[in-house]
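# A look at the structure
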Amino acid sequence: MSRPRRHFLGACLGAFLLFLLYRYHHTNTGNLITISPHGTSKAALKVEINPKYLWRKLPVRYPVAEIRPLPVALPRTLPEVQPTDPEASRLKLKPQTSRQSAVKEAFERCWKSYQSLAWRADELAPLSGSPKNTLGGWRATLIDNLDTLWIMGMHNEFKKAVDAVTDIKFEHPQSPKINTYDVNIHLLGGLLAAFDLSADLKLLKKSIELGDMLYAAFDTPNRMPIIHWNAHKAARKEEQPTEESVHSVELGSFTLEFIRLSQITGDPKYFDAAQRVMELFDTQQGATKLAGLWPVSVNAREGRFDDNTFTLGAGVSSLYKSLPQAYALLGSQVPMYRRMYENATLTAAGHNLFRPMSPEGKDVLFSGTVRVYSQTDLEAQMQYQSCAAGGMFALGGALLNIPTHQEIAHKLVDGCIWAHRAIPLGIMPEAFDAVPCASQTNCPWSERYWKQEVWKKANSLEPEADPNLKVDALIKDRRLPTGFVGIPDTAYNLRPEAIESMFTLYRVSGREDLLDAAWDMFQAIQSATQTKNGNAAIAAVTDEGSELTLKDSMDSMWMAQTLKYFYLMFSSPDLISLDEFVFNAGGHPLKRPEAP
C-alpha cells in the first residue's frame, strides 16, 4: 500500500474515532431535543436534556394504557377579568407609587439578608441569621422568588439567581423524604413562572428535570401521587405505597403546574398525570358526606373520600382556588373544572359561609368548618388560610360570569379586613372563633350573648365546666377583641391569603378603598415583623410592644407571595394581568394561552 494511501486511511480512521468519541460524549452529557409549545404559533425551542438523567431513565412499574392528550381545539375567549380601561386604572394608581416603593424596599432588605446569610439554602432564619433547609435543600427561597425579582424589575439579581439555580441536582435531595406538594407549588411553579416571564431556556430545562422527578411519584397502582415521598428509595428503584391519609389539597394541587408544563413542552404526560387525579375528585364530589365539597383528609391508596371535615381553609383552600384557574389555563376546553367549581361553591355558600356577630354590625362573611356526623355541624372558626376564599369567589365569578359570587367575594374580603383591624396590632391571627349569626341579613349585636359564648367556649376546652368562671377577667386575660370568642392559634406566620384576595378583588372590581386597607395592613405587618435580617413570624398577635415575641422563621412565602401581592396591589393593572395569567398555590403567575 502506498504511503499516501496509508496516510489517507489513517486520517479517515482518526476522524471516525473522533466521531465515536463525540457521539459517546454527547450521549453521556446531553441530548438536544426540540420542544414544540402546544397550541401556539411560537417557534420550536431547543433544550438540552440528559437522557441518562435519573428521573427519566427509571423503569415504570405501572404504565398508563393511553396518555390523555391536551385539548387540541383553540382556546375560547373568556369574560374579561380586569377593567377594560387600563389608562383610568393607572391614573388611580399614580398616588400609589410611594407605597409600591416601600414594599419593594422591604423585599430588597430580605433578599439582601438571604444573599449574605443563607444563599443557596432553602430559607433564612431571620433572628439567628442562619440558613435552614426545609425543602430538599433545593434553594426554595431562591427559586420561589425568581418571578418576584423579575416582576420588581430586579433583573441583575434575577440573572444571578438563575445562575445559582442551573446547577441544582434534583437527583440528590439533602433529605430523603420530600413533600411533593410543596416541591410542586413552590419549586416547579416558581421555575415555570420565571420561564413564562423571561423565556430563559435554562429555567425550562430545570422545569423539565423537576417535572420528571415529580412525575416519578405518580408511578403507583392507581396513579395517585405519593405526597411524602422518599426520593432515595425511588432512586434505588424501591416501590413505595400510596398513602392512606393525605390532605385533599396535597393530592389535588398538581393541576396548574402540570398543565402548563405540558403546554410549554408539548409532552402530554404531565397533563395526563394530573388529569387522572382530578377525574377521581370529579367522580367523588357528589358522594362525600357533604356533597359538593371534598373532605380535608382523603385515602389516596384506596381513593376514598369518607372523612367528615369540610372547610375552605387549611388542607383544601388551594384546591378549590385552582378549579376556575385550570378552566382558564385550558382555554375553557375541559368543562369538568367549571362544573367542579360551581358545585363546590354552591355547597360552601350554603354550609360553610356565615355572618359573624360584631359590635359594629358589619355585613361581612367568614368561612367556617363543617363536621358531618348524624347532621351537619358548623364550627364558627375562621382560619387565616380561609381568607383565600374571597379571591377565589372574585376570580371564579368573573371568569365564569357568576354575578352573585362578586357579592360574596366583597363580604369575605371585608371580613378578613375587619379581623385584622379588630386586633390592636392590626394583624389577624392564624385562627379565631366567632359568634355565627342566625341570619345573614339581620344580626343585631348582643354583648350578653357574646360573653355567654366566650364562657361556653372556655368551658368546652376544660374537663369540667366552671360555673364561677369570670368572663370579663377571661376576656381581659386572653386579650379577646370584642366579638372574638377565642383565639386557639395566636400566631401570624407571614401568610399571604388576606392580601392575595384583596389584590384579586381590586383587580376584578376596581374598588379603591381596598388600596388604603392594603396599605394599613402592610404597615402593620412590616412594623411588627421587621428584624435586622428580614421579617419574622409572630408568636402571638395579641401581644404588643415589648411583650411581642417573634419566631425565628421567615418562610419563603413571605417574599414569594405576601410581598409580591402587596407590590402588585400598588402596581399598574397591566403588570401580571389576571386576563393573561393565573396564580398557582405558591403565588406564581402562569401564562394563559391566547384566544384567537
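Residues numbered from 1 in each chain as written. Predicted model: local features only at pLDDT ≥ 70, side-chain atom pairs only at ≥ 80, totals over all residues. Heavy atoms only, no water.

As annotated in an unreviewed UniProt entry, the protein chain carries the name alpha-1,2-Mannosidase and is attributed to Penicillium vulpinum. Its UniProt record, at the heading Pathway (unreviewed entry), says of the protein chain: "Protein modification; protein glycosylation." As stated in UniProt under Cofactor (unreviewed entry), the record for the protein chain gives "Ca(2+)". (UniProt positions renumbered as here; feature names shortened; annotations may be inferred.)

### Here we look at the overall build of the protein chain
Broken down by element type, the protein chain carries 22 helices and 20 strands. Among the 596 residues that make up the protein chain, the fraction classed as buried is 58%. Looking at the protein chain alone, contacts between residues at least 24 apart form 71% of all its contacts between residues at least 6 apart. A gap of 8 Å separates the mean positions of the 63 positive and 66 negative side-chain charges of the protein chain. (Helix = DSSP H or I, 4+ residues; strand = E, 2+ residues; numbered from the N terminus. Buried < 20%, exposed > 50% of the residue type's maximum accessible area, 1.4 Å probe, protein only. Contact = heavy atoms within 4.5 Å. Lys, Arg positive; Asp, Glu negative; His and termini not counted. Charge placed at Lys NZ, Arg CZ, Asp CG, Glu CD.)

### Considerations on the pattern of salt bridges
For the coordinates displayed, the defined rule picks out 37 salt bridges. Residue glutamate 209 pairs with lysine 206 through a salt bridge whose shortest N-O separation is 2.8 Å. In this pair, glutamate 209 and lysine 206 are both assigned in helix α9 (residues 201–216), 3 residues apart and thus about one turn of the helix distant. For glutamate 209, a relative accessible area of 13% puts it in the buried group. Of the charged contacts, one joins arginine 511 and aspartate 414 as a salt bridge, the two residues approaching to 2.6 Å between their closest N and O atoms. Highlighted residues: arginine 511 in the loop between α20 (497–509) and α21 (513–529) and aspartate 414 in helix α17 (residues 403–422), separated in sequence by 97 residues. With a relative accessible area of 18%, arginine 511 lands in the buried category. Its relative accessible area of 23% is what places aspartate 414 among the partly exposed residues. Three or more residues joined by partner-sharing salt bridges are found here, namely Arg68, Asp272, Arg276 and Glu279. (Salt bridge = Lys/Arg side-chain N within 4 Å of Asp/Glu carboxyl O.)

### Some thoughts on the sheet that holds strand β9 (residues 309–310)
With antiparallel pairing, 3 strands are arranged side by side in an open sheet as β9-β12-β13. Only two strands of the sheet have a single partner each, and these edge strands are β9 and β13 (376–379). Note that β9 and strand β12 (residues 369–372) share 2 bridges and pair antiparallel. From the neighbouring strand, threonine 309 faces β12, where its bridge partner is arginine 371. (Pairing = 2+ DSSP bridges.)

### Some remarks on the state of the cysteines
Under the definition given, this model contains 2 disulfides. Covalently, cysteine 387 is tied to cysteine 416 through a disulfide, its sulfur atoms 2.1 Å apart. Handedness of the cysteine 387-cysteine 416 disulfide follows from its S-S torsion of about -110 degrees: it is left-handed. Here cysteine 387, found in the loop between β14 (381–383) and α16 (388–399), pairs with cysteine 416, found in helix α17; they are 29 residues apart in sequence, far enough to count as distant. There is no split in this pair, since cysteine 387 and cysteine 416 are both buried. At a sulfur-sulfur separation of 1.8 Å, the disulfide partner of cysteine 437 is cysteine 443. With the S-S bond torsion at -75 degrees, the cross-link from cysteine 437 to cysteine 443 turns out left-handed. Residues cysteine 437 and cysteine 443 agree in their burial class; the two are buried. Sequential numbering of the bridged cysteines in the protein chain gives the disulfide pattern 1-2, 3-4. (Disulfide = S-S within 2.5 Å.)

### Overview of the sheet that holds strand β15 (residues 431–434)
Spatially, 3 strands are ordered β14-β15-β16 in an open sheet, and the strand pairing comes out antiparallel. Each end of this open sheet is capped by a strand with a single partner; those strands are β14 and β16 (484–489). Each adjacent strand pair in this sheet contributes to an overall mean axis angle of 25 degrees, direction not counted. As paired strands, β14 and β15 are joined by 3 bridges and run antiparallel to one another. Bridge assignment links glutamine 383 to a residue of β15, and that residue is alanine 431. Lying over the sheet, helix α18 (residues 447–460) contacts β15 and β16, oriented at roughly 35 degrees with respect to β16. (Axes fitted to C-alpha atoms, helices over the stretch in contact; angles between N-to-C directions.)

### Remarks on the nonpolar core
Within the largest apolar cluster, 192 residues are counted, with the highest numbers of intra-cluster contacts made by Leu146, Met213 and Tyr337. When residues in this core are grouped by element, the largest group, 11 residues, is from helix α8 (residues 180–198). (Core = buried A, V, L, I, M, F, W, Y, C linked by side-chain atoms within 4.5 Å.)

### Notes on the packing of aromatic side chains
For the coordinates displayed, the defined rule picks out 28 aromatic pairs. Consider the rings of phenylalanine 503 and tyrosine 565, whose centres lie 5.7 Å apart with planes at 40 degrees: the pair is tilted. One end of the pair, phenylalanine 503, is in helix α20; the other, tyrosine 565, is in helix α22 (residues 557–569), and 62 residues separate them in sequence. By relative accessible area, tyrosine 565 is classed as buried at 1%. (Phe/Tyr/Trp six-rings, centres within 6.5 Å; stacked < 30°, edge-to-face > 60°.)

### Description of the side chain of aspartate 543
Inspection of the secondary structure assignment puts aspartate 543 in the loop between β18 (534–535) and α22. Polar side-chain contacts of aspartate 543 include one of 3.2 Å to the side chain of arginine 479. Other than its neighbours up to four places away in sequence, aspartate 543 contacts Leu425, Arg479 and Leu548. (Polar contact = N/O pair within 3.5 Å; in protein donor to acceptor, adjacent residues only side chain to side chain.)

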